[in-house]
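# What the coordinates show
In case you want the letters, here they are:
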Amino acid sequence: MAQGGYVKDVTGFDRIGGALEPRFERQSSFFTPNEAFFVCHGDPTPRLDKAAWRLELLGDGLERPLTLTFDDVAALPRHTVDCVLECAGNHRTLFESVMGEDLSRRADVTITRWRLGGVGMARWSGVRLADVLALAGVKDDAAFVMPVGLDIVREEDDDGVRVPLPRDKALDPDTIVAFTMNGEPLPPDHGFPARLIVPGWVGTYSIKWLGRIEVLRQRPWVPRNTAMYVLMGPQWPREQFAPAQGAPVTRHPIRSSLALPLPARLEPGRHRLIGYARGNDHAVTQVSWSADGGATWQDAEIISEPARYAWTQFACDWQAMPGEHILMTRASDARGATQPMTIPFNLGGYVFNAVHPHRVTVA
């Protein structure tokens with residue numbers, strides 16, 4: 001096992017708390033290679049035997065409890081989804097560096113200080129979660145589906161990481177139990193032998209090392225939907241969301257980033273800068289960029305086919321002159337939603353998606 005409890009080679013990653021962050025400037029292809037994909041979980045990585053693996057289906061929202069083997073699940077029709085997986089806290093340090101907000105206000109929470117690298121794009125293949133649950137019979141009044149992982153995080157539940165999904169999202173035809181990642185069996189660090197993939201939603205819902213699924217009539221309250229992945233602050237009064245401490249973090253916000261060091265240093269001359277824009281249920285179809293801190297904007301070149309759940313790869317051709325520059329990018333999706341220029345601070349530092357300055361020294 002690699003150092004720090006991970007299976008993959010951690011060379012080239014930055015270790016931030018219990019996470020591995022790749023340098024985003026090294027992202028150059030449409031799909032993120034498995035070996036370069038970010039990792040976020042309480043280590044060490046579980047090592048599971050596919051032959052001994054079992055998936056339990058239970059709860060008062062099912063007609064009958066059921067236990068399935070890997071072969072039982074894999075016998076269902078296959079479904080493939082190309083989608084971004086992004087940590088809800090990705091870009092978190094921009095709250096400090098751009099907005100001047102202190103991320104250390106909550107003494108009870110350890111902040112994972114993501115920069116730009118807590119995101120990746122993969123082709124996930126497996127079976128529809130709806131097809132799996134149909135084997136046990138989903139009742140008409142079932143309202144929530146809660147996947148439970150086989151990993152243990154001390155600060156959470158003592159028998160597996162969990163977070164509930166509303167019925168409609170769980171039974172969406174693109175929500176899958178995945179077995180492969182970019183055409184290969186799931187790597188151990190990414191959930192082997194089976195994990196959930198919830199396209200368009202932040203990464204915490206895509207539970208790894210899936211071991212149990214509870215289908216319930218009432219909403220379950222757990223650490224991940226009461227205290228951990230919620231927006232807290234004056235804009236989200238607690239009494240409005242009780243017993244949660246704030247508004248739930250669910251869908252990805254629309255955002256964009258250049259694959260450059262932050263800050264960056266370049267030589268004078270022409271540069272073709274590559275970036276990645278992503279949203280949630282709607283494809284990003286336009287990206288504008290500025291080389292003068294937002295005074296003037298122009299359209300970036302879209303170099304990948306915009307698609308639901310996937311990121312859109314774009315390019316900016318820049319004639320860089322010596323001096324200090326501030327580059328910016330701003331994404332818009334097929335629905336017309338546009339990346340905001342500013343956003344309110346929240347105590348968890350979640351879902352930073354404001355247009356941010358990318359400082360570049362040309363010398």
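Each remark here, short or long, concerns the structure printed above.
To start, this report covers the structure provided alongside it. (Residues numbered from 1 in each chain as written. Predicted model: local features only at pLDDT ≥ 70, side-chain atom pairs only at ≥ 80, totals over all residues. Heavy atoms only, no water.)

## Concerning the overall build of the chain
When you go through the chain residue by residue, the secondary structure sums to 6 helices and 24 strands. What you see for the chain is a C-alpha radius of gyration of 21 Å, in line with the 21 Å of a compact globule of 363 residues. Its C-alpha atoms give the chain principal-axis dimensions of roughly 70 × 45 × 40 Å. Out of the 363 residues in the chain, the part that is buried amounts to 55%. Just so you have it, the chain exposes about 15,200 Å², and 50% of that area is on carbon and sulfur atoms. One finds the centroid of the 38 positive side-chain charges in the chain at a distance of 1 Å from the centroid of its 43 negative side-chain charges. (Helix = DSSP H or I, 4+ residues; strand = E, 2+ residues; numbered from the N terminus. Rg over C-alpha atoms; globule rule 2.2 N^0.38 Å. Buried < 20%, exposed > 50% of the residue type's maximum accessible area, 1.4 Å probe, protein only. Areas by Shrake-Rupley, 256 points an atom, 1.4 Å probe, with all protein chains shown as cover. Lys, Arg positive; Asp, Glu negative; His and termini not counted. Charge placed at Lys NZ, Arg CZ, Asp CG, Glu CD.)

## Points about unusual backbone geometry
Here the amide bond leading from Phe192 into Pro193 is cis, since omega sits at 5°, within 30 degrees of zero. Take Pro193: it is sitting in the loop between strand 11 (184-185) and strand 12 (195-197). Omega for the bond connecting Ala242 with Pro243 falls within 30 degrees of zero, at 5°, which places this linkage in the cis form. With respect to the element layout, Pro243 can be found in the loop between helix 6 (238-241) and strand 15 (247-248). Phi at His91 takes a positive value of approximately 75°, unusual for a residue other than glycine. Along the chain, His91 turns up in the loop between strand 6 (78-86) and helix 2 (94-97). For Tyr309, which is not glycine, the phi dihedral falls at a positive 80°. Residue position: Tyr309 is located in the loop between strand 21 (301-302) and strand 22 (312-320).

## What about the packing of aromatic side chains?
On inspection of all chains with the given rule, the structure shows 12 aromatic pairs. Three or more aromatic residues link up through ring pairs in this structure, and these residues are Phe37, Phe38, Trp114 and Trp124. (Phe/Tyr/Trp six-rings, centres within 6.5 Å; stacked < 30°, edge-to-face > 60°.)

## Some details on the sheet that holds strand 18 (residues 269-278)
Ordered in space as 16-18-22-21, the 4 strands form an open sheet in which the pairing is antiparallel. Only two strands of the sheet have a single neighbouring strand rather than two, namely strand 16 (255-258) and strand 21. Bridge count for strand 21 against strand 22 is 2 bridges, and the pairing is antiparallel. Residue pairing across strands places Glu301 opposite Ala315, the latter belonging to strand 22. (Pairing = 2+ DSSP bridges.)

## Some details on the environment of Ala136
Relative to the assigned elements, Ala136 resides in the loop between helix 3 (129-134) and strand 8 (144-149). Ala136 sits 70 residues away from Leu66 along the chain, and the two C-alpha atoms are 6.1 Å apart. In this view, Ala136 contacts Leu57, Leu62, Glu63, Arg64 and Leu66; residues no more than four positions away in its chain are not counted. (Contact = heavy atoms within 4.5 Å.)

## Concerning the side chain of His271
Relative to the helices and strands, His271 is located in strand 18. On the accessibility criterion, His271 (18% relative accessible area) is buried. In this structure His271 touches Leu266, Cys316, Asp317, Trp318 and Ala320, once residues within four positions along its chain are discounted.

## Quick notes on the pattern of salt bridges
Tallying each qualifying case throughout the model produces 17 salt bridges. Asp333 is the salt-bridge partner of Arg335, the closest N and O atoms lying 3.7 Å from each other. By relative accessible area, Arg335 is classed as partly exposed at 47%. One continuous salt-bridge network, built from bridges that share partners, spans Asp14, Glu21, Arg23 and Arg115. (Salt bridge = Lys/Arg side-chain N within 4 Å of Asp/Glu carboxyl O.)

## A word on the pairing of strand 16
Here strand 16 shows a buried face lined by Arg255 and Ser257 and a second buried face lined by Ser256 and Leu258. Pairing between strand 16 and strand 18: 4 bridges, direction antiparallel. Within the sheet, the bridge partner assigned to Ser256 lies in strand 18 and is Ala277.

## Some points on the side chain of Asp189
Here Asp189 is to be found in the loop between strand 11 and strand 12. It is Lys8 that comes nearest to the buried, bridge-free Asp189 among opposite-charge side chains, at 5.3 Å. Residues within four places of Asp189 in sequence aside, it is in contact with Tyr6, Val7, Lys8, Val39, His41, Thr45, Lys208 and Trp209.

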